[in-house]
Amino acid sequence: MILHDYDYEIYASLREEAQDKMKITYVADRYGNYIPDIESITSAQEEWLLKKVEEARKIKVNVSSLPPYLSIPERIWHYTFWIICGAVLFFLIFPLLVIIPLSFNEVPFFTFTKKMLAFDPDGYSLQWYNDFFTSLNWQGAVRNSVFIAFFATIISTFLGTLASLGLSRPHMPYRTLIMSLLISPMIVPLIISAAGMFFFYSRIGLQGTHLGVILAHAALGTPFVVITVTATLTGFDNNLIRASQSLGAPPTTTFFKVIVPLITPGVISGALFAFVTSFDEVVVVLFVGSYKQRTIPWQMFSGIREQISPTILSAATLLILITIGMLTTLELLRRRTERLRGVTPS
């Protein structure tokens, strides 16, 4: 009998019936999923279980269609809801669809020329991308953005993961209060946080330094790590830790061999969120940083105020592509996390 990963949820739902009716023994695999013990299962038990799994698969395949008992108003609302969702997504994405073609404009204006509207190759150019990759100002901004975001991500990932591990303990005192304090940078208006950091860093000599901007961005990115890692630890089976300790493993071995592999997708997801938060942030760096810490968002903001150039659009297009790549990575990590937890990816 072959057990497929995408059937773990079905096996779990059949566990009680299989044990009571067919006396099928269930065991926990290394990921904490309870599955039938294929070593002790009989042919009759296997036949019954395969039949049940096949029936459950058909139900899952047909779940996407509308239930037959829905009334006409309910069916109308179903399709209306999808139309509304599509309209909202179009409203959010349409500005991006305008920016991307304008970044290939031949002339230094934020308008579509007649040649562009006629899809004439002469109306398109890569000169603004060439300017982005050759300009000293833009390249300095890229180096600062990567440098600051990299170290801010390391700090926020380390602190956020430790905080999540502590908050996941069953008897953690004042858990709600501590959680509220940790995610407060997401709630407090950014301009207030930036002003507070400016006055505080000015007193201790961190204003206008790379270290000050890194610490400020780490504070903004830590809540994202806390939320994602805490969500990953929600379905964590503490029996795995007890089993590791009962086998004589020291705490460090248990942490690196049992806990870390299971929370790695959540840690990476939080790190990506923290990196994007730092890479795209402009308000705090305007308050805390100086010209030496000029990042890509700062350069784009200054370019709009001082010298309008389609190079800004080329930089925005590259940021959009980076964001899409990271969102794709997050989705893949989410699916991997669900497979490790025995949940069918949706």
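Only a predicted model underlies this, so the values are computations on that prediction, with no experimental measurement involved. (Residues numbered from 1 in each chain as written. Predicted model: local features only at pLDDT ≥ 70, side-chain atom pairs only at ≥ 80, totals over all residues. Heavy atoms only, no water.)

This next bit is on the overall build of the protein chain. Counting secondary structure elements, the protein chain contains 16 helices and 2 strands. Across the 346 residues that make up the protein chain, the buried fraction comes to 35%. (Helix = DSSP H or I, 4+ residues; strand = E, 2+ residues; numbered from the N terminus. Buried < 20%, exposed > 50% of the residue type's maximum accessible area, 1.4 Å probe, protein only.)

This next bit is on unusual backbone geometry. The phi torsion at F119 lies on the positive side, around 55°, for a residue other than glycine. Inspection of the secondary structure puts F119 in the loop between α5 (114-117) and α6 (127-134). We classify F119 as exposed; its relative accessible area is 68%. Residue Y174 is not a glycine yet carries a positive backbone phi of 55°. Judged by relative accessible area, which is 65%, Y174 ranks as exposed.

Now for the packing of aromatic side chains. Evaluation of the coordinates by the stated rule reveals 12 aromatic pairs. Measuring from centroid to centroid gives 5.9 Å for F200 and Y201, while their planes differ by 50°, and the two rings are tilted. Relative to F279, the ring of F275 has its centre 5.6 Å away and its plane inclined at 20°; by these criteria the two rings are stacked. Taken together, the residues span about one helical turn, with F275 and F279 both in helix α13 (residues 251-280) at a distance of 4 residues. Among the aromatic residues, ring-to-ring pairing joins F132, F133 and W138 into one connected group. (Phe/Tyr/Trp six-rings, centres within 6.5 Å; stacked < 30°, edge-to-face > 60°.)

Moving on, we come to the side chain of Q293. Looking at the secondary structure, you find Q293 in the loop between α14 (283-288) and α15 (296-306). Owing to a relative accessible area of 2%, Q293 belongs among the buried residues under this scheme. In this structure the side chain of Q293 is engaged in a polar contact, spanning 3.4 Å, whose partner is the backbone oxygen of G208. Beyond its immediate chain neighbours, meaning those up to four positions away, Q293 contacts N144, I148, G208, T209, H210, V213, V285 and W298. (Polar contact = N/O pair within 3.5 Å; in protein donor to acceptor, adjacent residues only side chain to side chain. Contact = heavy atoms within 4.5 Å.)

Okay, the packing of helix α7 (residues 136-167) against helix α11 (residues 210-234) next. It is at 6 Å that the axes of α7 and α11 come closest, and there the two elements cross at 40°. It follows from the interaxial angle that α7 and α11 lie oblique. The way α7 lies across α11 gives a crossing that is right-handed. Of the residues contributing to the contact of α7 with α11, the split by class is 16 nonpolar, 11 polar and no charged. (Axes fitted to C-alpha atoms, helices over the stretch in contact; angles between N-to-C directions. Parallel < 35°, antiparallel > 145°, perpendicular 65-115°, else oblique. Left-handed = near helix turned anticlockwise from the far one by under 90°. Nonpolar A, V, L, I, M, F, W, Y, C, P; charged D, E, K, R; others polar.)

With that out of the way, let us pick up the nonpolar core. Counting residues in each nonpolar core, the largest one holds 16 residues, and the members touching the most others are W138, F279, I296 and M300. Secondary structure elements with two or more residues in this core: α7, α13, α15 and α16 (311-340). Beyond its immediate sequence surroundings of up to four residues, F279 is in contact with S145, V146, A149, I296, P297, L319 and I322. Counting residues in hydrophobic clusters, the runner-up holds 14 residues, among them M197, V213, A216 and W298. (Core = buried A, V, L, I, M, F, W, Y, C linked by side-chain atoms within 4.5 Å.)

In this section: the environment of V142. Relative to the helices and strands, V142 is located in helix α7. Sequence separation of V142 and T295 is 153 residues, and the distance between their C-alpha atoms is 6.4 Å. V142 has contacts with F132 and I296, leaving out every residue within four places of it along the chain.

Structurally, R294 is set in the loop between α14 and α15. Residue classification places R294 among the buried residues on the basis of a relative accessible area of 14%. If we ignore the near neighbours within four places in the chain, the residues touching R294 are G140, A141, N144, Q299 and S302.

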